[in-house]
Amino acid sequence: MKRQDYVSWDAYFMGVALLSAQRSKDNNTQVGSCIVNPHNKILSMGYNGMPTGCNDDRMPWERKGTPLDTKYLYVCHAELNAILNYSGGSLRGARIYTTLFPCNECTKAIIQAGITEVIYYSDKYADTDSTIAAKRMLDMVGITYRQYQKEGKELVLDL
Ligand SMILES: Nc1ccn([C@H]2C[C@H](O)[C@@H](COP(=O)(O)O)O2)c(=O)n1
Ligand SMILES: [Zn+2]
């Protein structure tokens, strides 16, 4: 008989997104994203981090203070990185697994890339204008979004 407790596609791809998030240097929120085609092939991954060539050790990671001295003006979001990391052509019809609901800016990129479904793990900034605007745009263009449903499975990686 075949093994029964294998992970579902959703758990597999969200697991990849969660693992990708562990690459982030952000000391408050680590985000990971994984883009998958309709045949369940992984096309790209990303996590939130400073742009290539911007030294992590010289960039600000603060949340508060003068805007120029916070991370927000510099950090590249996980979803945008996943989109930009794809060098294979079109992402049309793909779905994106992301550990945090996409912001309004990433949502614009998701729409323009032709991604058709968003699966998110956390919606901890649901009350912000950014998330409200993101949902408004997704609704308007018919991109579906759903929260990942946990399967009660705990995976421990002995790295
Ligand atoms: N959908 C999102 C939202 C945010 N991020 C990044 C941007 C920052 O590095 C971090 C959020 O920091 P916080 O305000 O929680 O301290 O997450 C992203 O990659 N994707
Ligand atoms: Zn974003």
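Residues numbered from 1 in each chain as written. Chains lettered and ligands numbered in written order. Predicted model: local features only at pLDDT ≥ 70, side-chain atom pairs only at ≥ 80, totals over all residues. Heavy atoms only, no water.

The protein chain is annotated in an unreviewed UniProt entry as Cytidine and deoxycytidylate deaminase zinc-binding region from Anaerobutyricum hallii DSM 3353. If you open the UniProt record of the protein chain and go to Sequence similarities (unreviewed entry), you find "Belongs to the cytidine and deoxycytidylate deaminase family." (UniProt positions renumbered as here; feature names shortened; annotations may be inferred.)

Engineer: Quick rundown of the overall build of the protein chain? Include the residues and the values.
Structural biologist: When you go through the protein chain residue by residue, the secondary structure sums to 4 helices and 5 strands. When the helices and strands of the protein chain are read in sequence order from the N terminus, they spell out α-β-β-α-β-α-β-α-β. On C-alpha atoms alone, the protein chain measures out to a radius of gyration of 16 Å, which is about the 15 Å that the 2.2 N^0.38 rule sets for 159 residues. In terms of overall dimensions, the protein chain has C-alpha extents of about 60 × 40 × 35 Å along its principal axes. Residues classed as buried in the protein chain amount to 42% of the 159 residues present. In the protein chain, the share of contacts with a sequence separation of at least 24, taken over all contacts with a separation of at least 6, comes to 61%. Just so you have it, the protein chain exposes about 9,800 Å², and 52% of that area is on carbon and sulfur atoms. Looking at charge distribution, the protein chain has the averaged site of its 18 positive side-chain charges lying 4 Å from that of its 17 negative ones. (Helix = DSSP H or I, 4+ residues; strand = E, 2+ residues; numbered from the N terminus. Rg over C-alpha atoms; globule rule 2.2 N^0.38 Å. Buried < 20%, exposed > 50% of the residue type's maximum accessible area, 1.4 Å probe, protein only. Contact = heavy atoms within 4.5 Å. Areas by Shrake-Rupley, 256 points an atom, 1.4 Å probe, with all protein chains shown as cover. Lys, Arg positive; Asp, Glu negative; His and termini not counted. Charge placed at Lys NZ, Arg CZ, Asp CG, Glu CD.)

Engineer: Report on helix H2 (residues 78-85), specifying residues and quantitative values.
Structural biologist: Burial in H2 covers these residues: Ala78, Glu79, Asn81, Ala82 and Ile83. Close packing links the buried residues of H2 with strand S1 (32-36), strand S2 (42-47), strand S3 (95-100) and helix H3 (104-113).

Engineer: Account for helix H1 (residues 9-21), naming residues and giving values.
Structural biologist: Over its 13 residues, H1 extends 18 Å from the first C-alpha to the last, a length consistent with the 18 Å expected when each residue adds 1.5 Å. Asp10, Ala11, Phe13, Met14, Val16, Ala17, Ser20 and Ala21 are the residues of H1 that are buried. Residues of H1 that are buried make contact with S1, S2, S3, strand S4 (117-122) and strand S5 (144-147). (Expected span 1.5 Å × (residues − 1).)

Engineer: So what's going on with unusual backbone geometry? Residues and values would help.
Structural biologist: Backbone geometry at Asn40 places phi at a positive 65 degrees, although glycine is not the residue there. Examined against the element boundaries, Asn40 turns out to sit in the loop between S1 and S2.

Engineer: Now, about the pairing of S3: what can you tell me, with residues and values included?
Structural biologist: For S3, the buried fraction is high: 6 of the 6 residues fall into the buried class. Sheet topology note: the S1/S3 ladder contains 4 bridges and is antiparallel. If you follow Cys34 over to S3, its bridge partner there is Tyr97. Taken together, the 5 bridges between S3 and S4 define a ladder with parallel strand orientation. The residue bridging Arg95 from the neighbouring strand is Glu117, located in S4. Crossover S3 to S4 through H3 is right-handed. (Pairing = 2+ DSSP bridges. Right-handed = clockwise from strand over helix to strand, strands pointing away.)

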